Amino acid sequence: MRNYKIGVIKGDGIGPEIVDEAIKVLDAVAVAEKFNISYEEFLLGGAAIDATGVPLPDETIQGVKRMDAVLFGAIGGPKWDNLERHLRPESGLLGLRKAMGTYANLRPATVYDELINASTLKPSVVKGVDIMVVRELTGGIYFGQPREYGEDKAYNTMVYTKEEVVRIAKVAFEIAMKRDKRVCSVDKANVLEVSQFWREIVEEIAKDYPEVELSHMYVDNAAMQLIRDPRQFDVILTGNIFGDILSDAASMLSGSIGLLPSASTGDGVGLYEPIHGSAPDIAGQGIANPIATIASAAMMLRYALNEDSAANRIENAIKKALADGYRTGDIGAFDAKEIVSTTEMGSIIADYASK
Ligand code: NAD
């Protein structure tokens, strides 16, 4: 029997509601696929501030390192907005990501056929879109030295070391092997030396993955192509700042924030979470969409635990629930047959995933 230890951080607002549904679905696929999951809860954000006075307690930093993966809801809310910056829930999350050394951010942009009208782009353009943006998360211009804010000038520096490019490129190629085996590396190599360097290293790494087709694209063109013909992409591999911008653009192809999962991974334990926040405006009402968190649990199974079959079960169950017309309120305007609550949606997906 395979045994997995999953760290659970429910967080604030709708966090506990949506994470509970993801656990319900994980338990259902664990039975179906014959593995064991045990859970350990950790505090982060507002919940941690209320219980311990700090947004990222030491027990959380130490505890998550003992886990196989961490499933996270969301943190933050008006109750903690007036605290000093370093004591706010958000600094707890940034600190946790740093402590976990998660240098790769994986953001899929999937367009579900049943919700095709939720996109702001034409159905003929977005039908069948299934992109994975692999963004380097801990290097590049956001962290490069030197940096300065002076009276007459200000600057930042875009730096990548060979080691940083090698490790993120490997992540992208490994993921491509589990998908359609195509990597498009996005850079600005016509203007930036750092991009030329990036490109050469990516080509070196590609030699270890002969089955994967590698292409390169300048970032300005990539932004245009994402809107013009997003179906051409499988895996997009890119640096920190380009990935920041492109992953947000790509996420809007699907049209609803309540659907999109993400993963932050590195050499150690990975963090799996929805892209949305804690939605304090709807917390406690039982109407939040749990699909982004449930889809994050599927990513966790695939990328952290190598349980591809269980991940497929969950993703197919989400599609079936949508195909059968079940919708939470946020997507209720798009071809709904029945509006369901957070827990009902979780139960429907768990039921489909177990069959
Ligand atoms: P948000 O993503 O929480 O909400 C934006 C809008 O989308 C709201 O109207 C909300 O009701 C809706 N929404 C979000 N998720 C939904 C879901 N699953 N189902 C249905 N509707 C959903 O962003 P915000 O309002 O800017 O931020 C609220 C709080 O969340 C803030 O404290 C912010 O700092 C925090 N936040 C946390 C994270 C995180 O934990 N990773 C990310 C972003 C924002």
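Conventions and cut-offs
- Residues numbered from 1 in each chain as written.
- Predicted model: local features only at pLDDT ≥ 70, side-chain atom pairs only at ≥ 80, totals over all residues.
- Heavy atoms only, no water.
- 1 Å grid on protein atoms, 1.4 Å probe; cavity = no way out; pocket = protein on both sides within 12 Å on 5 of 7 lines; lining within 4 Å.
- Points joined across faces, edges and corners; volume = space filled by probe spheres on them.
- Helix = DSSP H or I, 4+ residues; strand = E, 2+ residues; numbered from the N terminus.
- Nonpolar A, V, L, I, M, F, W, Y, C, P; charged D, E, K, R; others polar.
- Buried < 20%, exposed > 50% of the residue type's maximum accessible area, 1.4 Å probe, protein only.
- Domains from an automatic or database assignment.
- Salt bridge = Lys/Arg side-chain N within 4 Å of Asp/Glu carboxyl O.
- Polar contact = N/O pair within 3.5 Å; in protein donor to acceptor, adjacent residues only side chain to side chain.
- Near = heavy atom within 4 Å.
- Areas by Shrake-Rupley, 256 points an atom, 1.4 Å probe, with all protein chains shown as cover.
- Pairing = 2+ DSSP bridges.
- Axes fitted to C-alpha atoms, helices over the stretch in contact; angles between N-to-C directions.
- Parallel < 35°, antiparallel > 145°, perpendicular 65-115°, else oblique.
- Left-handed = near helix turned anticlockwise from the far one by under 90°.
- Contact = heavy atoms within 4.5 Å.
- Phe/Tyr/Trp six-rings, centres within 6.5 Å; stacked < 30°, edge-to-face > 60°.
- Lys NZ or Arg CZ within 6 Å of the ring centre and 35° of its normal.
- Expected span 1.5 Å × (residues − 1).

Moving on to empty space enclosed by the protein. Vacant regions in the atomic arrangement are exposed by a probe of water-molecule size rolled over the atoms. Inspection of every chain in the model, using the stated rule, returns 2 cavities of 30 Å³ or more. Secondary-structure elements contributing two or more residues to the lining of the largest cavity are β8 (182-187) and α7 (193-206). No other element matches the 3 residues that α7 contributes to the lining of the largest cavity. Split into classes, the residues belonging to the lining of the largest cavity amount to 6 nonpolar, 2 polar and 1 charged. Size it by volume and the second largest cavity reaches roughly 30 Å³. Taken together, T110, V111, Y112, L115, I116, S119, L253, S254 and L259 make up the lining of the second largest cavity. In the lining of the second largest cavity, the residues fall into 6 nonpolar, 3 polar and no charged.

Bringing the environment of D81 into the picture now. For D81, the location among the structural elements is in the loop between β3 (69-74) and α4 (89-100). You can call D81 partly exposed: its relative accessible area is 35%. For D81 and G46, which are 35 residues apart along the polypeptide, the C-alpha to C-alpha distance reads 9.6 Å.

Let us now look at the domain arrangement of the protein chain. What the domain assignment lists for the protein chain is domain 1 (1-103 + 259-355) and domain 2 (120-254). Between domain 1 and domain 2 we count 1 salt bridge in total. D308 serves as the salt-bridge partner of K178, at 3.3 Å between the closest nitrogen and oxygen. Here domain 1 and domain 2 share 4 residue pairs in polar contact (both at pLDDT 80 or more) between them.

For the ligand, the set of nearby residues contains 21 residues, the closest of which are E90, G277, A279, D281 and N289. G77 is positioned such that a nitrogen or oxygen atom in its backbone is 3.1 Å from an oxygen atom of the ligand. Backbone polar atom of S278 to an oxygen atom of the ligand: 3.1 Å apart, as the coordinates give it. When the free accessible area of the ligand is taken as 810 Å², the share hidden by the protein chains comes to 68%. Where the shell around the ligand is concerned, the elements lending two or more residues are β3 and α4. Here the shell around the ligand is built from residues that sort into 10 nonpolar, 7 polar and 4 charged.

A large share of β8 lies buried, amounting to 5 of its 6 residues. Where β8 meets strand β10 (residues 235-238), 4 bridges bridge the pair, whose relative direction is parallel. For V186, the partnering residue across the bridge sits in β10 and is T238.

Another point: the packing of helix α10 (residues 291-304) against helix α11 (residues 308-323). Remark: α10 packs on α11, axes separated minimally by 7 Å, with the N-to-C direction vectors making an angle of 160°. Judged on the interaxial angle alone, α11 and α10 are roughly antiparallel. The way α10 lies across α11 gives a crossing that is left-handed. Listed contacts from α11 to I291, I294, A295, A298, L301 and R302 of α10 are D308, A310, A311, N312, I314, E315, I318 and L322.

Next up on the list: the packing of aromatic side chains. Under the defined criterion, the tally for this structure stands at 3 aromatic pairs. A cation over an aromatic ring shows up here: K320 above the ring of Y352, its NZ or CZ 4.7 Å from the ring centre.

With that settled, the discussion passes to α10. In this model α10 runs 19 Å from its N-terminal to its C-terminal C-alpha over 14 residues, within 8% of the 20 Å that 1.5 Å per residue would give. With its phi angle positive at about 60°, N306 sits one or two positions after the end of α10.

Now for the layout of surface pockets. Taken as a whole, the largest pocket holds about 760 Å³ of empty space. What lines the largest pocket is a set of 30 residues, among which L93, L94, R97, L137 and E273 lie closest to the centre. Counting residues per element, the ones that place at least two in the lining of the largest pocket are β3, α4, β4 (104-110), β11 (261-265) and β12 (271-274). If you tally residues by element for the lining of the largest pocket, the top one is α4, at 7 residues.

Before going further, it helps to spend a moment on unusual backbone geometry. Leave glycine aside and you will find that most residues have negative phi; peptide bonds, for their part, are mostly trans. In this chain, Q145 is followed by P146 through a cis amide linkage whose omega measures 0°. Along the chain, P146 turns up in the loop between β5 (130-136) and β6 (148-149). Although it is not a glycine, K181 adopts a positive phi angle of roughly 60°. Looking at the element boundaries, K181 is found in the loop between α6 (162-177) and β8. Exposure remark for K181: the relative accessible area of 28% places this residue in the partly exposed category. One non-glycine residue, A279, lies in the positive phi region at around 40°. Its location among the elements puts A279 in the loop between β12 and α10. In this structure A279 comes out as partly exposed when scored by relative accessible area, which is 21%.

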